[in-house]
Amino acid sequence: TNTVGFSTFTVNAGGLADAVANAENGDTIVIYDGIRELAPIVNAGNSLQGITIELGKDFDLNCEHWVPIGTKENSFKGTFDGQGAVLSGVHMQLA
C-alpha cells in the first residue's frame, strides 16, 4: 500500500484475475507476466474503471494471435500506462 491509501498489486502469470477481484478504485495493477489474461477479463464485462494497469516489463507475443482488450459492448475504462515498455510480436487479424 502506498502513502495515499491506494494499493499496488504485482502480477505474474495466473494472478491477474485475483488482483482484479481485490482491486478498488484508485489501485494500480503492475503486470510482469500474463498480459494475455487482461482481454478475457475486460471482454467479459469488467471495465476496470478506476483501476490503473501498468506494464512491468517488455512483452514479446511471438506473433501469436492477439485478442484485443475490450469489445464494442465491453470497453476498457481503466487507465493503461505502458511505463515505456515495448509490446512486440503482436499479430491481429483485421476484419
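See the structure printed just above.
What you are looking at is a predicted structure, and each value in this text was computed from that prediction instead of being measured.

Caption draft 1: Examining the environment of N22 more closely. Turning to its location among the elements, N22 is positioned in helix α1 (residues 16–22). C-alpha separation for the pair N22 and G70, spaced 48 residues apart in sequence, amounts to 20 Å. Beyond its immediate chain neighbours, meaning those up to four positions away, N22 contacts F9 and D27. Of note is the side chain of N22, whose polar atom sits 2.8 Å from the backbone oxygen of D18.

Caption draft 2: Focus on the sheet that holds strand β5 (residues 79–81). Pairing in this open sheet of 4 strands is parallel, and the strands run β1-β2-β3-β5 from one edge to the other. Every other strand in the sheet has two partners, leaving β1 (8–11) and β5 as the edge strands with one partner each. Strand-to-strand twist in this sheet, taken as the mean axis angle between neighbours without regard to direction, amounts to 20°. Looking at chain direction, strand β3 (residues 52–55) and β5 are connected through 3 bridges and run parallel. Each bridged residue has a counterpart across the sheet, and for T52 the counterpart in β5 is T79.

Caption draft 3: The arrangement of the side chain of D27 in detail. With respect to the helices, strands and loops of the structure, D27 is situated in the loop between α1 and β2 (28–31). Among buried Asp, Glu, Lys and Arg side chains, D27 stands out as unpaired, with K77 the closest opposite charge at 19 Å. Separated by 2.8 Å, the side chain of D27 and the backbone nitrogen of E24 make a polar contact.

Caption draft 4: Spotlight on the environment of Q83. Note on placement: Q83 falls in the loop between β5 and β6 (87–88). The exposure class assigned to Q83 is partly exposed, which follows from its relative accessible area of 47%. Taking the C-alpha atoms as reference points, Q83 and G56, separated by 27 residues in sequence, lie 7.3 Å from one another. Polar side-chain contacts of Q83 include one of 2.8 Å to the side chain of D81.

Caption draft 5: Here's a closer look at the packing of aromatic side chains. Counted by the stated rule, this structure contains 0 aromatic pairs. Lying across the ring of F59, K57 places its NZ or CZ 5.2 Å from the centre.

Reading guide: rules and limits
Residues numbered from 1 in each chain as written. Predicted model: local features only at pLDDT ≥ 70, side-chain atom pairs only at ≥ 80, totals over all residues. Heavy atoms only, no water. Helix = DSSP H or I, 4+ residues; strand = E, 2+ residues; numbered from the N terminus. Contact = heavy atoms within 4.5 Å. Polar contact = N/O pair within 3.5 Å; in protein donor to acceptor, adjacent residues only side chain to side chain. Pairing = 2+ DSSP bridges. Axes fitted to C-alpha atoms, helices over the stretch in contact; angles between N-to-C directions. Buried < 20%, exposed > 50% of the residue type's maximum accessible area, 1.4 Å probe, protein only. Lys, Arg positive; Asp, Glu negative; His and termini not counted. Salt bridge = Lys/Arg side-chain N within 4 Å of Asp/Glu carboxyl O. Phe/Tyr/Trp six-rings, centres within 6.5 Å; stacked < 30°, edge-to-face > 60°. Lys NZ or Arg CZ within 6 Å of the ring centre and 35° of its normal.

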